[in-house]
Number of protein chains: 2
Amino acid sequence: MLTIGKLGEAAGVKVPTIRYYEQIGLLPEAERSAGNQRLYGRKAQERLAFIRHARDLGFTLEAIRDLLSLSDKPDQSCAAADAIAKAQLAEVESRIARLIALKAELERMVVQCAGGRIADCRVIEVLGDHALCATDHRHPEVEPAH
Amino acid sequence: MLTIGKLGEAAGVKVPTIRYYEQIGLLPEAERSAGNQRLYGRKAQERLAFIRHARDLGFTLEAIRDLLSLSDKPDQSCAAADAIAKAQLAEVESRIARLIALKAELERMVVQCAGGRIADCRVIEVLGDHALCATDHRHPEVEPAH
DNA sequence: CTTGAAGCTATAGTTGCTAGAGACATTAGA
DNA sequence: TCTAATGTCTCTAGCAACTATAGCTTCAAG
Ligand SMILES: [Zn+2]
Ligand SMILES: [Zn+2]
Ligand SMILES: [Zn+2]
Ligand SMILES: [Zn+2]
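Read on for a plain summary of the structure. Note that the structure is a prediction, hence the values are computed from the model and not measured.

1. Things to note about the overall build of chain A
Helix and strand content of chain A: six helices and three strands. Listing the helices and strands of chain A from first to last along the sequence gives β-α-α-β-β-α-α-α-α. When its C-alpha atoms are laid out on the principal axes, chain A stretches across 70 × 40 × 20 Å. Residues counted as buried form 42% of the 146 residues belonging to chain A.

2. So, the relation of the copies chain B and chain A
Rotating chain B by 180 degrees about the axis while translating it 0.0 Å along that axis superimposes it on chain A, leaving an RMSD of 0.1 Å. Look at the turn and shift together and you get a two-fold axis relating the two. A symmetric contact is evident, with 100% of the interface residues of chain B recurring at the interface of chain A.

3. A look at the sheet that holds strand β2 (residues 31-32) of chain A
The strands making up a sheet associate through hydrogen bonds between their backbones, and the pairing can be parallel or antiparallel. Residues and elements named next belong to chain A. With respect to topology, three strands assemble into an open sheet ordered β1-β3-β2, the strand pairing being antiparallel. At either end of the open sheet lies a strand with only one pairing partner, and these are β1 (2-3) and β2. The pairing of β2 with strand β3 (residues 38-40) spans two bridges and is antiparallel. From the neighbouring strand, E31 faces β3, where its bridge partner is L39.

4. Side note on the interface of chain B and chain A
Listed per partner, the contact involves 62 residues of chain B and 62 residues of chain A. Its largest share of buried area at the contact with chain A, chain B owes to H53, I118 and L127 of chain B, together 14% of the area lost on that side. Note that R117 of chain B is salt-bridged to D75 of chain A, the shortest N-O span being 2.4 Å. Remark: the boundary between chain B and chain A carries 20 residue pairs in polar contact (both at pLDDT 80 or more). Of all elements in the fold, only α3 (42-56), α4 (61-71), α5 (79-112) and α6 (122-127) of chain B reach the threshold of two or more residues within the side of chain B that touches chain A. No other element matches the 20 residues that α5 of chain B contributes to the side of chain B that touches chain A. Looking at side-chain class alone, the side of chain B that touches chain A contains 32 nonpolar, 13 polar and 17 charged residues.

5. A closer look at α3 of chain B
Structurally, the α-helix is built with 3.6 residues per turn, so residues lying three or four positions apart point the same way. When the terminal C-alpha atoms of α3 of chain B are compared, their 21 Å separation across 15 residues agrees well with the 21 Å that a helix rising 1.5 Å per residue should span. Those residues of α3 of chain B that fall on the buried side of the exposure criterion are A44, L48, F50, I51, R52, H53, A54 and D56 of chain B. Along its buried surface, α3 of chain B packs onto α5 (79-112) and α6 (122-127) of chain A together with α1 (4-11), α2 (15-23), β3 (38-40) and α4 of chain B. Backbone geometry just after α3 of chain B places G58 of chain B at a positive phi near 90 degrees.

6. Quick look at the pattern of salt bridges
For the structure shown, the criterion picks out 22 salt bridges over all chains. Shared partners join several salt bridges into a network, and the residues in it are D75 of chain A together with R117 and D120 of chain B.

7. Looking at the protein's contact with DNA strand D
With respect to spatial proximity, 18 residues lie near DNA strand D, and among them Y21 and R55 of chain A together with T3, R19 and R38 of chain B are the closest. Within 4 Å of the protein, atoms of DNA strand D come from sugar and phosphate in 88% of cases. Contact between DNA strand D and Y21 of chain A: a phosphate oxygen at 2.8 Å from a side-chain N or O atom of the residue. Take G5 of chain B: an N or O atom from its main chain is 3.0 Å from a phosphate oxygen of DNA strand D.

8. Some points on unusual backbone geometry
Located in the positive-phi region is N36 of chain A, a residue other than glycine, with phi close to 75 degrees. N36 of chain A gets classed as exposed once you look at its relative accessible area, which sits at 51%.

9. Here we look at the coordination of the zinc ion (ligand 3)
Every protein donor of the zinc ion (ligand 3) is listed here as C78 of chain A (SG), D82 of chain A (OD), D82 of chain A (OD), C113 of chain B (SG) and C121 of chain B (SG), and their distances to the metal cover 2.1 to 2.8 Å. Highlighted residues: C78 of chain A in the loop between α4 (61-71) and α5 and C121 of chain B in the loop between α5 and α6, drawn from two different chains. For the pair shown, C78 of chain A and C121 of chain B are each scored as buried.

10. Here we look at the protein's contact with DNA strand C
Neighbouring DNA strand C are 20 residues; G5, R19 and R38 of chain A together with Y21 and R55 of chain B lie closest to it. If you look at DNA strand C and keep only atoms within 4 Å of the protein, 89% of those are sugar or phosphate atoms. Between Y21 of chain B and DNA strand C, the recorded distance is 2.8 Å, taken from a side-chain N or O atom to a phosphate oxygen. The backbone of L61 of chain B places a nitrogen or oxygen atom 3.5 Å from a phosphate oxygen of DNA strand C. Going through the elements one at a time, α1 (4-11) of chain A together with α2 of chain B are the ones with two or more residues in the surface near DNA strand C.

11. Description of the layout of surface pockets
Residue and element names in this part refer to chain A. Volume-wise, the second largest pocket comes out at about 500 Å³. Lining the second largest pocket are 22 residues, with R42, K43, A44, E46 and R47 positioned closest to its centre. Counting only elements with at least two residues in the lining of the second largest pocket, the list comes to β3, α3 (42-56) and α4. No other element matches α3, which puts eight residues into the lining of the second largest pocket. The residue inventory of the lining of the second largest pocket, partitioned by class, reads 11 nonpolar, four polar and seven charged.

Rules and cut-offs
- Residues numbered from 1 in each chain as written.
- Chains lettered and ligands numbered in written order.
- Predicted model: local features only at pLDDT ≥ 70, side-chain atom pairs only at ≥ 80, totals over all residues.
- Heavy atoms only, no water.
- Helix = DSSP H or I, 4+ residues; strand = E, 2+ residues; numbered from the N terminus.
- Buried < 20%, exposed > 50% of the residue type's maximum accessible area, 1.4 Å probe, protein only.
- Least-squares fit on C-alpha atoms with pLDDT ≥ 70 in both.
- Contact = heavy atoms within 4.5 Å.
- Pairing = 2+ DSSP bridges.
- Buried area = accessible area lost by both parts, 1.4 Å probe.
- Salt bridge = Lys/Arg side-chain N within 4 Å of Asp/Glu carboxyl O.
- Polar contact = N/O pair within 3.5 Å; in protein donor to acceptor, adjacent residues only side chain to side chain.
- Nonpolar A, V, L, I, M, F, W, Y, C, P; charged D, E, K, R; others polar.
- Expected span 1.5 Å × (residues − 1).
- Near = heavy atom within 4 Å.
- Donors = N, O, S within 2.8 Å, 3.2 Å for Na, K, Ca; no water.
- 1 Å grid on protein atoms, 1.4 Å probe; cavity = no way out; pocket = protein on both sides within 12 Å on 5 of 7 lines; lining within 4 Å.
- Points joined across faces, edges and corners; volume = space filled by probe spheres on them.

Structure, rendered in structure tokens:
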């Protein structure tokens, strides 16, 4: 049985984050010691590792909630889980596409500036006028939280 | 002189967002009509377009605040502005690198799953164990808000 | 047995908005 | 001109996914 601090260390998750996951129901309520401190066993450890890994791969807590509840039903079809992963892949691909467009515009700005006065700065100039951009980078979708 | 609704329409920014920008001091307090409604002239329009464009390019409001205050000093050197843009470029590049690693792992998961039961699902399996990943994609830095 | 680290709860702050409530202003049609 | 619809006003609260603080209790080492 691990204390919350040891668990956090083991999983690479900060202590308040673990309590937060419990609070929003992503982790079950932990067992408590005589002195009211949380204690975790192997199952909780695995669950937290799963959450952490999925977060590292960019899944939202909502998606993770669904994946966890699927993983508790080993005999069901995995189609739903695969769909969540595919959606996440699509999300990542579209973010990459958007960021590549941003990168191109930022590079153009930075390269074109000769480095003189603000009045002649290409960075400031381009920021003031999207018509000076080469691509249409305008926020087609939302970027992620975190 | 435009009302807040017209200004928002012109700049592609929602009305509450404009009020929010004013609240946090990114836009100056607007003139008011006899009936206490905000009125905007060309300068406010340009400032809002600047903010909007910089947001579309992924700059934070803090960075934009700095860029705006620089753009108000046309005779100063633009080095500071260029530095902000370069930092943003670096940020975008590192996000791209991270997302490409995520994409690779997500593709691996999705491709490897044969589509049977949850108990045999590669997606669930990999999420539970980073050792099954081919790359080290673990959150080297923070993703942006929004 | 004492001290310092680690744990507890509860609340508020972060970023960049967005949505509501309830009141006032403006504008278009009958 | 009256009225109804829309627009605007302020203020507050909510979103994701944490993070930080305050003020307490409990635990482990010396
Ligand atoms: Zn410059
Ligand atoms: Zn542009
Ligand atoms: Zn599967
Ligand atoms: Zn991994």
